[in-house]
Amino acid sequence: MEIKKGIAVSPGIAISKPFIIDSKDYRIPRRSIAPTQVDEQIKRIDDAFSAAEEELTSFGREQEMVEESIRDIFAVHLSFLRDESFKKQVITFIKDDLVTAEYAVSTILREAAAKLAAVEDSYISERAADIYDIEKRLLTQLLGKITRDVDQLSEEVVIIAHDLTPTQTASLNRTFVKGFATDSGGRTSHTAIVARCLAIPAVVALEDITSTITSESTVIIDGNRGVVIIDPDEDALVQYERYARDFNRLEIKLKALSDKPAITRDGVEIELLGNIEFPGEAHLAVENGAGGIGLYRSEFLYLYSGSEPTEEDHYEAYSETVRNFKDQPIVIRTMDLGGDKLPHVKRSEAEGNPVLGLKSIRYCLQNLTLFKTQLRAILRASVLGDVRIMFPMITNLQELRQAKMILRDVMEDLDEYAVPYNASIPIGAMIETPSAALMASLLAKDCDFFSVGTNDLIQYTLAVDRANERVSSLYSVADPAVLRLLRGVIHDAHKAKIALSVCGEVAGDPEYIMLLLGMGVRSLSLAPPMIPEIKQIIRSVTIEECNQLARKIATMDSQRQIKNYVRDAAIKILPEAF
Ligand code: PEP
Ligand code: MG
């Protein structure tokens, strides 16, 4: 039995066999196979060599126009793949050492590359790059097949991967995928957010989980405590089966609150809205008692399909969502592309520092056709219900004004064709950069509401990548600098008499609810499966208790002290959740 500690990102317990997805971009771990699996691995090698050969041959045919020197390189790669001696070495390694096909390919080809690289003649040593290229090509075949197999699961598994993209996570088959664990990631990476919204138990930032697990292992994923247990002993299994039952019971108990109001013991009503990525999640928000959608991450439409959505694609997605909520608010955030949410078609334009690059509203302002297409669809949907529009990653007043100006342009276009829309559609700005937080009093004059994106606000204030497990201990809303900015934004919104909601992951974190209420927040937007638990906390406290807690926190100067204090207070309120 081995216990690994990571970051808990989506609650729940899963106990199952693993489905391991390696990545060609990271070292392939040594994984043993049983003697009975040798033939299957050899077949995989044969298939991978043939497919890679076929790929290169057809590439050569298509690239008739390409320069001869490039064609020569592919010819060398092709002759290498056809060289039976290499394939033989790989197969012998599998047979003798009982290892997986991908490990054998990676090891034999890397050894060959290293030998070449050590030769003094630069013409020969530079050929090492070709061998690495062939290794990647073969691994793409071997691992690509595995990735495709995830779509065809027929038994329950937990996914073990170096990392998953948000789109891969969103595509996981909920019937068979009971949980996942990854080497990398952070609590507010979009992969984690999607897992939470879909209620898939998950633990990330385990560093080397992919190299520790074999396909024969039994794995427990504890998404409440951030723990993964490999090959649990009998005691651990019994204990976790009990935890799983307790968790299910708590969920059922909390679900019963879904039609009760989120009202504190002293009678203050708190608005609880859902965060969604796809219209298909809207029913989850309804079932969990959301009073509308406070954050519709519309960029997932783009990410999921891998191509630019048409106006009709947008319109259908929004109208389907509105149908679930009738007169309740639906806040559609315009596409927040970039960072860890890059459409694959744009990978070639990768930036050195994507989270500080052409991202989010900046991207839309430079891609007006894409932006206007979405705005038209949102405006058309605005007559169907209480649709609101929100611009992400605003960093200055000009950006907000420019976005509004484009919205007005689109309104004029619609006027020309007599297309109906809500001319006074509420317009909001996300406050998720320190500059926006500092300028909130000015921004408040130019919009109808704020939504505080604490996920990015923490990242940009503390200069900590939200998806990087190596610095995850530095990433916390409990940092006094973040809390100071948050206090300022809440104050400025109240003063300007505009609505404010918090839509970052902190809104669904039981430990921080009392603090947020005590700081004056009255609207939260969160992953739908978390709503019942947060509602229970709200129904168990008074605003006076929350105010007292917030006052106490304001006197503290360290992240650790604040974290411990809010946690202790939350445990007293809802011990079962911890
Ligand atoms: C945020 O940054 O807090 C937010 C809600 O937006 P996202 O997580 O999609 O960046
Ligand atoms: Mg954000």
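Each remark here, short or long, concerns the structure printed above.
These remarks concern the structure in this document. (Residues numbered from 1 in each chain as written. Chains lettered and ligands numbered in written order. Predicted model: local features only at pLDDT ≥ 70, side-chain atom pairs only at ≥ 80, totals over all residues. Heavy atoms only, no water.)

With that settled, consider a nonpolar patch on the surface. A contiguous nonpolar surface patch, about 270 Å² in accessible area, is contributed by Val119, Tyr123 and Ile124. In this structure, Tyr123 sits in helix α5 (residues 122-125). Tyr123 gets classed as exposed once you look at its relative accessible area, which sits at 58%. (Patch = residues over 30% accessible without salt bridge, like charges linked within 9 Å, V, L, I, M, F, W, Y side chains within 5 Å. Areas by Shrake-Rupley, 256 points an atom, 1.4 Å probe, with all protein chains shown as cover. Salt bridge = Lys/Arg side-chain N within 4 Å of Asp/Glu carboxyl O. Helix = DSSP H or I, 4+ residues; strand = E, 2+ residues; numbered from the N terminus. Buried < 20%, exposed > 50% of the residue type's maximum accessible area, 1.4 Å probe, protein only.)

The next subject is a negative patch on the surface. Together, Asp409, Glu412, Asp413, Asp415 and Glu416 give the surface a local cluster of negative charge. By secondary structure assignment, the location of Glu412 is in helix α16 (residues 397-416). (Lys, Arg positive; Asp, Glu negative; His and termini not counted. Charge placed at Lys NZ, Arg CZ, Asp CG, Glu CD.)

Another aspect to go through is the packing of aromatic side chains. Within the structure shown, the criterion is met by seven aromatic pairs. Ring centres 6.0 Å apart and planes at 40 degrees place the aromatic pair Phe93 and Tyr103 in the tilted group. One end of the pair, Phe93, is in helix α3 (residues 84-97); the other, Tyr103, is in helix α4 (residues 101-117), and ten residues separate them in sequence. Across the pair, Tyr103 and Phe93 agree in class, each one buried. Between Tyr240 and Tyr243 the ring centres are 4.9 Å apart and the planes differ by 90 degrees, which places this aromatic pair in the edge-to-face class. Within this pair, Tyr240 and its partner Tyr243 are both found in helix α10 (residues 234-255), separated by three residues, close to a single helical turn. There is no split in this pair, since Tyr240 and Tyr243 are both buried. Among the aromatic residues, ring-to-ring pairing joins Phe278, Phe300 and Tyr304 into one connected group. The ring of Tyr315 has Arg380 lying over it, and the distance from NZ or CZ to the ring centre is 4.2 Å. (Phe/Tyr/Trp six-rings, centres within 6.5 Å; stacked < 30°, edge-to-face > 60°. Lys NZ or Arg CZ within 6 Å of the ring centre and 35° of its normal.)

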